Every structure is written in C-alpha cells, then in structure tokens.
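Per-entry structural report
Residue-level listing of the chains:
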Amino acid sequence: MFSSPHILRSGLAATLLTAALGFAGTSALAADDPATPRIDRVAGQETGRDRLVQLPLSKSKILDFDEDIRDVLVSDPKVADAVVRSARRLYLIGNKFGTTNIVVFGGSGRPIANLELQVQVDTRALEGLLKRMLPRSDIRVEAVAGTVVLSGAVGSGGEAIQAYEVASKFVGAPVETASSTGGGAAAPATTGSTAGSSVQVVNALTIRGKDQVMLKVTIAEVQRDIVKKLGIDLTSAITNGNWASALATANPFPITPAIDPAIAASGTLSFGSGNSISGRLQALEQNGLLKTLAEPNLSALSGEQAQFLVGGEYPIPVSQTSSGTGTTIGVEFKTYGIGLNFQPVVLDENRISLTVKTEVSELTSDGAVTISTLTIPALRVRRASTTLEIPSGGAMVLGGLIKDDVKQALAGTPGLLKLPILGSLFRSRDFQRSQSELVIFVQPLVVKPVAAAKLERPDRNFQPSNDAAGYFLGRLNRMYRTVDRGQKGTYHGQYGYIFE
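What counts and what doesn't
- Residues numbered from 1 in each chain as written.
- Predicted model: local features only at pLDDT ≥ 70, side-chain atom pairs only at ≥ 80, totals over all residues.
- Heavy atoms only, no water.
- Helix = DSSP H or I, 4+ residues; strand = E, 2+ residues; numbered from the N terminus.
- Buried < 20%, exposed > 50% of the residue type's maximum accessible area, 1.4 Å probe, protein only.
- Contact = heavy atoms within 4.5 Å.
- Areas by Shrake-Rupley, 256 points an atom, 1.4 Å probe, with all protein chains shown as cover.
- Lys, Arg positive; Asp, Glu negative; His and termini not counted.
- Salt bridge = Lys/Arg side-chain N within 4 Å of Asp/Glu carboxyl O.
- Polar contact = N/O pair within 3.5 Å; in protein donor to acceptor, adjacent residues only side chain to side chain.
- Expected span 1.5 Å × (residues − 1).
- Pairing = 2+ DSSP bridges.
- Axes fitted to C-alpha atoms, helices over the stretch in contact; angles between N-to-C directions.
- pLDDT = per-residue confidence, 0-100.
- Arc of directions from axis to C-beta.
- Left-handed = near helix turned anticlockwise from the far one by under 90°.
- Nonpolar A, V, L, I, M, F, W, Y, C, P; charged D, E, K, R; others polar.
- Patch = residues over 30% accessible without salt bridge, like charges linked within 9 Å, V, L, I, M, F, W, Y side chains within 5 Å.

Let's shift gears to the overall build of the protein. Secondary structure summary: the protein contains four helices and 23 strands in total. Among the 500 residues that make up the protein, the fraction classed as buried is 30%. For the protein, the proportion of contacts with a sequence separation of at least 24, taken over those separated by at least 6, is 59%. As displayed, the protein has an accessible area near 32300 Å², and 55% of this comes from carbon and sulfur atoms.

As for its placement among the helices and strands, Asp-430 is situated in strand E23 (residues 427–447). This buried residue, Asp-430, is left without a salt bridge; Lys-229 holds the nearest opposite charge, at 5.2 Å. Polar side-chain contacts of Asp-430 include one of 2.9 Å to the backbone nitrogen of Thr-256. Dropping the residues within four chain positions of it, Asp-430 is found in contact with Lys-228, Lys-229, Phe-253, Pro-254, Ile-255, Thr-256, Lys-407, Gln-408 and Ala-409.

In this section: the pattern of salt bridges. The final tally for this structure, using the stated rule, is twelve salt bridges. For Glu-127, the salt bridge identified is with Lys-131, shortest N-O distance 3.7 Å. Of this pair, Glu-127 and Lys-131 are both found in helix H2 (residues 123–133), four residues apart, which corresponds to roughly one turn of the helix. Among the ionic pairs, Arg-383 bridges to Glu-359, the shortest N-O distance being 2.8 Å. With Arg-383 in strand E21 (residues 374–390) and Glu-359 in strand E20 (residues 351–371), this residue pair connects regions lying 24 residues apart in the sequence. Given the relative accessible area of 56%, Arg-383 is considered exposed. The network of salt bridges with shared partners includes Glu-221, Glu-362, Arg-380 and Arg-382.

Turning our eyes to something else, we now look at the environment of Val-199. Among the secondary structure elements, Val-199 is positioned in strand E12 (residues 197–207). Given the relative accessible area of 2%, Val-199 is considered buried. Spatially, the C-alpha atoms of Val-199 and Val-148 are 7.3 Å apart, while their sequence positions differ by 51 residues.

Between the first and last C-alpha of helix H3 (residues 157–171) there are 22 Å, a value that for 15 residues agrees with the 21 Å anticipated at 1.5 Å per step. Judged by how many residues are buried, H3 sits mostly within the fold: eleven of 15 residues are covered. Where H3 is concerned, the buried positions are Gly-157, Gly-158, Glu-159, Ala-160, Ile-161, Ala-163, Tyr-164, Val-166, Ala-167, Ser-168 and Val-171.

What follows is about the environment of Ala-469. Tracing the backbone through its elements, the reader meets Ala-469 in helix H4 (residues 467–472). Using a relative accessible area of 15% as the deciding quantity, one classes Ala-469 as buried. Linking Ala-469 and Met-479, residues ten residues apart in sequence, is a C-alpha distance of 9.7 Å. Those residues in contact with Ala-469, other than ones at most four positions away along the chain, are Gly-474 and Arg-475.

Strands sit in the order E2-E8-E7-E4 across an open sheet of four strands; the sheet is mixed. The open sheet has two free edges, formed respectively by strand E2 (50–56) and strand E4 (69–74), since each of these has just one partner strand. Averaged over all neighbouring strand pairs, the angle between strand axes comes to 25°, with direction disregarded. Here E2 runs beside strand E8 (residues 111–120); their pairing, made up of seven bridges, is parallel.

Unlike most non-glycine residues, Asn-461 shows phi in positive territory, near 70°. Take Asn-461: its relative accessible area is 59%, and that puts it in the exposed class.

Turning next to the confidence of the model for the protein. For the protein, mean pLDDT is 77; residues scoring 70 or higher make up 79% of the total. With pLDDT under 50 throughout, residues 1–36 is counted as low confidence; its partners more than four residues away or in other chains account for two contacts. Per-residue pLDDT stays below 50 along residues 177–197; that stretch engages in 60 contacts with residues further than four places along the chain or on separate chains.

Within the span of H2, buried status applies to Thr-123, Leu-126 and Leu-130. Viewed along the axis of H2, the buried residues span an arc of 70°, placing them on a single side of the element. Away from the buried face of H2 by more than 90 degrees, exposed residues Arg-124 and Arg-132 are located. On its buried face, H2 sits against strand E9 (138–144), strand E10 (147–154) and H3.

This next bit is on the packing of H2 against H3. Contact pair H2 / H3: the axes reach a minimum separation of 11 Å and the direction vectors enclose 145°. For the element pair H2 and H3, the recorded crossing hand is right-handed. Counting all contacts with H2, which are made through Ala-125, Leu-126, Leu-129, Leu-130 and Met-133, the residues of H3 involved are Gln-162, Ala-163, Val-166, Ala-167 and Phe-170. Here the contact of H2 with H3 is composed, by residue class, of nine nonpolar, one polar and no charged.

Mapped onto the elements of the fold, Ile-390 is located in strand E21. Between the alpha carbons of Ile-390 and Leu-445 there is a distance of 9.9 Å; along the sequence they are 55 residues apart. With sequence-adjacent residues up to four places away left out, Ile-390 is seen in contact with Arg-351, Ile-352, Ala-395, Met-396 and Pro-444.

The subject of this paragraph is a nonpolar patch on the surface. Together, Ile-238, Trp-243, Leu-269, Phe-271 and Ile-277 make up an exposed nonpolar region whose accessible area comes to about 470 Å². Along the chain, the position of Leu-269 falls in strand E15 (residues 263–271).

Rendered as structure tokens:
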C-alpha cells in the first residue's frame with residue numbers, strides 16, 4: 001500500500017535531475033539567442049590600447065571591465081550614449097550613424113580603456129532580409145564610414161534594382177532611379193536621413209550570365225500620291241482698221257509647278273484678216289503607289305545600346321570663312337534611310353524593359369532649297385520613340401502614323417474664272433493628295449550565341465556564269481542541276497495530296 005523510502009528518494013532525485021537538465025538547456029538556448037545582448041570583457045592588459053567597437057544603430061552593447069569605473073568621457077554624445085549601471089559594467093547605445101571616441105577612467109583617475117565606436121547599419125538584418133526576398137541571389141552587405149555597400153551577384157538587372165530599393169528603404173534613404181547594366185547594376189549614391197542620421201547606399205552588384213537580347217523589327221509603309229492638273233490658256237489677236245489688240249492668259253499651277261503636264265494640246269481659230277484666237281490645253285492625272293518594307297534585326301547585351309542604319313548620306317553646302325581669301329563653301333553630310341536604336345534591360349526571365357527609337361527618312365523635292373544653280377533636297381522623316389516592358393517573344397506595334405494631305409488651288413483671270421461654264425476657259429485647277437501609313441512591329445527575344453557551323457552565308461554556292469551561258473542563254477550565275485534518280489519500287493497509296 002505504501003512505497004518504500006528508497007523508491008521515494010529515487011523518484012525525487014530523477015525529478016531534480018530532469019529539472020536541472022531543462023534549466024541548463026534553457027540557459028544554452030538563451031546564450032545562443034542572437035537577440036540577447038552580447039557581453040564583451042575588457043581585460044586589464046588592454047589598458048592604453050585603442051579598441052574598435054562596431055555597434056548597429058539603435059542597438060546596445062555591454063562591456064565588462066576588470067577594474068571599477070569612475071568616469072566615462074564621450075566625445076560626441078549625439079552618436080552614442082555610455083551608461084554605467086554597476087561598478088564594472090558599461091552599456092553602449094547607438095543613436096546616430098557616425099563615429100565617436102569613448103574614454104573610460106578607473107578608480108585612480110587613469111584611463112583604463114579607449115574605445116573607437118562606429119555606429120553603422122545592422123548589416124546582418126539587412127543581409128538576411130535580402131536573402132529572404134531574393135533567394136537566388138548572393139548579396140553581401142558591408143557598412144563602411146556611413147555607407148552601405150551592396151556587393152555580390154544577382155540573376156538579373158531587376159533583382160539588382162529591387163535590392164537597391166530595399167536597402168535604401170531599410171536605411172531610410174530616398175530611392176532614386178537605379179540603372180543596371182549588363183556587367184553590373186551601378187546605382188547612384190543616395191543620401192538620406194533617419195532620426196538625424198545620414199547614410200549612403202552604393203549598388204555594386206553584378207549580374208550573372210549577361211543576357212543578350214535580339215530585336216526583330218518590321219517596318220512597313222504604304223504611300224499613295226495623286227496629282228491632277230487641268231488648265232486652258234488663251235491667246236487672241238484682233239485687228240480692226242488702225243486698231244489692233246492682243247489678249248493672252250497664262251494660268252499657273254502653284255501646287256505642283258515642277259511636274260510637267262502629260263498632255264499639251266493647242267489650236268488656232270482664224271477669222272477675217274489677221275484675226276485669230278489660239279487655245280492651249282494642259283492636263284495631267286498621275287497616281288503613284290509606294291511600298292516600303294524593312295526587317296532589321298539587332299542584338300545587344302542587357303543594358304547596352306545597339307544602332308542600325310540602312311541608307312546613305314547626302315551633302316549640304318555650308319559657308320566657311322577663311323582669312324584673306326573671303327568666304328568658301330564646305331560640305332556637310334546628313335544621314336537618311338531606315339535607322340533603329342534600342343536599349344534592352346532584362347528585368348527577369350520573362351520581362352524586358354525596352355527603349356526603342358526608330359526613324360524612316362527619305363529625300364524629297366518638297367521643301368527643297370535652290371541657291372543659284374544648286375538645289376538642296378529636303379528630308380521627309382517619320383520617327384517613333386517609346387519605352388515599355390514586354391515579355392520575351394512578345395510583340396508590340398507602333399501604329400497610327402497616318403498622313404493624309406490634300407492640296408488644291410484655282411488660278412485664272414479675275415472675274416472670268418468664276419463663270420458657270422465659260423469660266424473653265426479662263427482658269428486652271430491644280431490638285432494633289434498624299435496618303436501614307438507607317439506601321440512598326442517590334443519583337444524582343446532573349447537569345448544565346450550559336451555555333452559558327454550552324455550559320456549560312458548568303459553568297460554561299462554563288463558562282464558567276466561562264467561567257468557561253470551569259471552570251472547565249474542570258475544567265476548571270478551558274479545553274480546547278482541534280483540528277484534525281486528516285487527510289488526503286490512501286491508507290492502504294494493515294495497521290496495528288498500531301499500528308500503531314
């Protein structure tokens with residue numbers, strides 16, 4: 001019914017042992033807890049030496065000394081506070097980013113420690129935050145003289161920008177636009193303030209595996225021009241005795257004076273002696289259709305620019321003053337044609353930030369300048385520029401570049417040109433309409449280099465023809481003929497269709 005005293009003593013001993021082990025485990029966990037303030041000891045042999053102490057902002061540190069503390073001198077109390085709570089224990093608290101000097105005096109009044117205190121950003125907390133947000137990156141955070149330096153490697157430029165923005169928010173600095181390049185994401189140094197402190201964030205992250213982007217651009221334009229001209233010029237000569245009169249009308253074409261009429265018919269009506277009326281009819285109807293198509297392809301590293309131009313240069317005379325000989329004429333060249341300029345930034349695996357600038361220009365006589373016998377042509381330009389985010393393999397269209405110009409003019413004899421029917425004899429009509437539409441298709445692709453053996457030159461297997469084939473057959477290149485021997489056997493099945 002009752003337990004023996006030996007059994008009771010054994011149970012009590014086991015209970016005490018279990019409690020002791022649990023208390024020891026709890027102490028060990030508390031000692032390993034990073035949130036617990038670390039206690040450093042300043043030994044007596046360190047007296048007279050400068051000791052560097054790094055302290056995160058708004059964090060505390062405990063220092064134990066072998067001697068009693070009598071007084072503490074802080075050179076800049078705004079940076080850190082030093083509090084003595086016991087005879088040999090000193091508490092340090094970081095208030096502001098910066099450095100300060102703390103001198104600890106012992107019981108005899110002599111200095112027993114000289115502490116060089118640096119209040120920096122808590123790099124461990126920031127580094128842990130970046131690792132949680134960007135698990136595929138390898139980012140190291142260092143604090144040097146009030147500056148936070150981000151180093152290491154990230155997978156893309158978007159991760160570099162995100163790491164920079166997170167670090168700037170963490171230290172309380174205003175975030176500016178951070179630009180990343182293929183070799184690294186160099187963000188501008190940013191200065192901000194937090195509780196009276198200032199800090200700078202420097203982005204020195206590099207991007208693993210520089211991405212290469214190929215841009216496929218298709219430029220298509222359809223242009224239509226319509227010109228119509230119709231005019232009648234009259235010339236009359238009438239003689240009556242001693243009185244003679246002459247009348248001539250010359251109706252101009254003010255819109256298209258450089259285009260000659262397609263037909264010019266004239267006729268003369270004579271009546272009496274020396275009396276005649278001559279008429280000259282000028283007419284033109286012209287339709288023009290133009291199709292422009294270009295498909296330039298360009299490749300560039302992420303963050304780098306690529307340019308493309310297919311066209312030429314035309315000279316423009318420029319006056320140049322030389323000493324002694326007066327004014328001479330020099331020549332400058334202006335480019336025209338199909339131009340493309342783009343800068344891709346790969347943000348992640350399926351996002352590309354793309355800046356595209358494209359231009360289509362051509363020489364035209366509209367707006368040309370004539371100086372003496374020299375004519376300088378004008379330039380017709382269609383230009384587009386945009387920045388957007390687009391996935392790899394996606395496409396965008398720059399449309400709406402439509403032009404529809406209508407010009408018409410009536411010129412003739414005042415008063416007579418407005419007559420209902422007979423007014424056609426005293427006027428000319430000049431009509432011109434120009435219609436054009438330009439569409440630009442842009443498709444970025446993240447690409448990788450290929451082996452040279454997989455590439456084909458466009459002039460491969462080209463051979464000029466011999467003289468005999470050129471003279472008698474009119475061939476410019478050799479014609480290759482293969483002998484199709486076919487396969488032996490009989491074909492079974494339906495014919496006339498293609499099965500895939």
